[in-house]
Amino acid sequence: MRFSGKTAVVTGAASGIGKASVLLLAAEGAHVFAADIDEAGGAELAAGSNGKITFQRCDVTSTEDIKALMDRAAAETGGIDIVFNNAGAGGDGAPIDEIEPEGWDLTMDLLLRSVAFGIRYAVPHMKGRSGASIINTSSVAAVGPGYSPNAYAVAKAGVLHLTKMAAADLAKHQIRVNAVQPGFINTNIFTSALELSEEKEEVGKAMIAHMSAGAQPVARGGQSEDIANAMAYLASEDASFVNGTSIVVDGGITIGPKYSWDDTEPDMFEALRALAEADQA
C-alpha cells in the first residue's frame, strides 16, 4: 500500500472530495486526521475506520484551529507526511461591483488564507520526513471567468501561486507542494451555497448531475473520487519528481468553447460560412 505508516491530514473531510480522499488514504495504509466543522459527518467517518481515521473539529478560518489540528496529528503519530488543504465552499457570490468587504474577506479567509496557514503550521512537523507532500485544492476557476463567482476564482488563483511560492520555499526541506484543479465535480458545494431544504437539495443535486454530464468532452459528471485519485498520486512516491505545479482534473472543460469539441454546437464562423455559401449560390 502506498501510504503504509504515513500520517495524513485532510481538511474539509466530512463530505465530497475530502471524504473520498480520507477514505482512499486510509484504505492505502495512512493514519488520517480528518478535519471539518461538520462534527456529525466527521464522527461518522471515523467511527467505521478501526482507528485509521481520527476526526477533529476544525474551522479553517481560525488559525488557532489549524495549528491545534497539525499539532495533534504530530503529537499522536510522531509527525506529518501528507497534508491536503481542501476545505472550502462557494464563498460570496456577489459581482465585483456589489460585493461587500466582509464577504470578500470571508471568502479569502476560507479559501486562501486557510491554505497558507495549513502549510505554515504543518511544515514544522513535516521537516525531515521522507516523501513529505502538501496538496492544495485550487480550481479551474483559477484560469479565468465563467466557472465561479468572482471572489472564489480570485482566491483559487491565489492558491495556485501560493503553491509555487511554497514549493520554492520548502524545497530545502524536501517537502513537495502541488495543487489539484477540479472542474465540474458533483459535490454539495453548489447546493449548500443556496441554502435549500433537504428535499430541494436532492432535486438540485440531480439537476447538477444532469447538467454536468454534457458540460465537458468527457461525457459524465466529475466525481469526488476523480480528485481523490489525483491527490493520492501527488502525495505518493510516484510523483516524487512533481513539484510546484498543478493537475487539472476537469474532463476537458478548459479545452475551449463547447463548439471546439462538440460538433453539434454552432461555432462562431457558421453564420459567415452560410453567408458565403448563399453568395456563391
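Procedures and definitions
- Residues numbered from 1 in each chain as written.
- Predicted model: local features only at pLDDT ≥ 70, side-chain atom pairs only at ≥ 80, totals over all residues.
- Heavy atoms only, no water.
- Helix = DSSP H or I, 4+ residues; strand = E, 2+ residues; numbered from the N terminus.
- Rg over C-alpha atoms; globule rule 2.2 N^0.38 Å.
- Buried < 20%, exposed > 50% of the residue type's maximum accessible area, 1.4 Å probe, protein only.
- Contact = heavy atoms within 4.5 Å.
- Areas by Shrake-Rupley, 256 points an atom, 1.4 Å probe, with all protein chains shown as cover.
- Lys, Arg positive; Asp, Glu negative; His and termini not counted.
- Charge placed at Lys NZ, Arg CZ, Asp CG, Glu CD.
- Salt bridge = Lys/Arg side-chain N within 4 Å of Asp/Glu carboxyl O.
- 1 Å grid on protein atoms, 1.4 Å probe; cavity = no way out; pocket = protein on both sides within 12 Å on 5 of 7 lines; lining within 4 Å.
- Points joined across faces, edges and corners; volume = space filled by probe spheres on them.
- Nonpolar A, V, L, I, M, F, W, Y, C, P; charged D, E, K, R; others polar.
- Polar contact = N/O pair within 3.5 Å; in protein donor to acceptor, adjacent residues only side chain to side chain.
- Axes fitted to C-alpha atoms, helices over the stretch in contact; angles between N-to-C directions.
- Left-handed = near helix turned anticlockwise from the far one by under 90°.
- Parallel < 35°, antiparallel > 145°, perpendicular 65-115°, else oblique.

Trainee: Go over the overall build of the chain, please, and point to the residues and values.
Mentor: Within the chain, the regular secondary structure consists of nine helices and seven strands. Relative to the globule expectation of 19 Å for 281 residues, the C-alpha radius of gyration of the chain, 20 Å, shows essentially globular dimensions. Expressed along its principal axes, the backbone C-alpha trace of the chain runs to roughly 80 × 45 × 40 Å. Scored against the burial criterion, the 281 residues of the chain give a buried share of 44%. Expressed as a percentage of contacts within the chain between residues at least 6 apart in sequence, the contacts between residues at least 24 apart total 68%. Looking at the chain as shown, the accessible area adds up to about 13,800 Å², and 55% of this sits on carbon and sulfur atoms. The positive charge centre, built from 20 side chains, and the negative charge centre, built from 36, are 11 Å apart in the chain.

Trainee: Any chance you could break down the pattern of salt bridges for me, citing the residues and the numbers?
Mentor: A complete count under the given rule lists six salt bridges for this structure. With a closest N to O distance of 3.2 Å, R57 and E39 form a salt bridge. In this pair, R57 sits in strand β3 (residues 53-57) while E39 sits in helix α2 (residues 39-47), placing the two residues 18 residues apart along the sequence. A residue is classified by how much of its surface remains accessible, and R57, at 39% relative accessible area, is partly exposed.

Trainee: With reference to specific residues and values, describe empty space enclosed by the protein.
Mentor: Under the counting rule described, the total for this entry stands at one cavity of 30 Å³ or more. Volume-wise, the largest cavity comes out at about 40 Å³. T11, V60, I66, N85, N86, A87, S114, V115 and G118 together form the lining of the largest cavity. By residue class, the composition of the lining of the largest cavity is four nonpolar, five polar and no charged.

Trainee: Would you mind going over the side chain of D250 in detail, with residue names and values included?
Mentor: Looking at the secondary structure, you find D250 in the loop between β7 (246-249) and α9 (270-280). Among buried charged residues, D250 stands out as having no salt bridge; its nearest opposite-charge side chain is R220, 11 Å away. Side-chain polar atoms of D250 contact the side chain of T254, separated by 2.6 Å.

Trainee: Break down the layout of surface pockets for me, with residues and values.
Mentor: Approximately 170 Å³ is the volume found for the second largest pocket. The wall of the second largest pocket is formed by A116, I119, R120, V123, L162, M165, A166, D169 and L170. Mapped onto the lining of the second largest pocket, the elements with two or more residues apiece are α4 (101-122) and α5 (150-170). Here the lining of the second largest pocket takes five residues from α5, the largest share from any one element.

Trainee: Go over the packing of helix α3 (residues 63-77) against α4, please, and point to the residues and values.
Mentor: At a minimum axis distance of 9 Å, the contact between α3 and α4 shows a crossing angle of 35°. In this structure, α3 crosses over α4, and the sense of that crossing is right-handed. Where α3 approaches α4, its residues T63, I66, K67 and M70 are matched on the opposing element by R113, S114, F117, G118, Y121 and A122.

Trainee: Can you lay out the packing of α4 against α5 for me, pointing to particular residues and giving the numbers?
Mentor: At a minimum axis separation of 10 Å, α4 and α5 run at an interaxial angle of 15°. As far as their axial angle goes, α5 and α4 are roughly parallel. As α4 runs across α5, the sense of the crossing is right-handed. Facing α4, whose interface residues are W104, T107, M108, L111, L112, V115, A116 and I119, α5 presents A151, Y152, V154, A155, K156, G158, V159, L162, A166 and L170. A class-by-class count of the residues in the contact of α4 with α5 yields 15 nonpolar, two polar and one charged.

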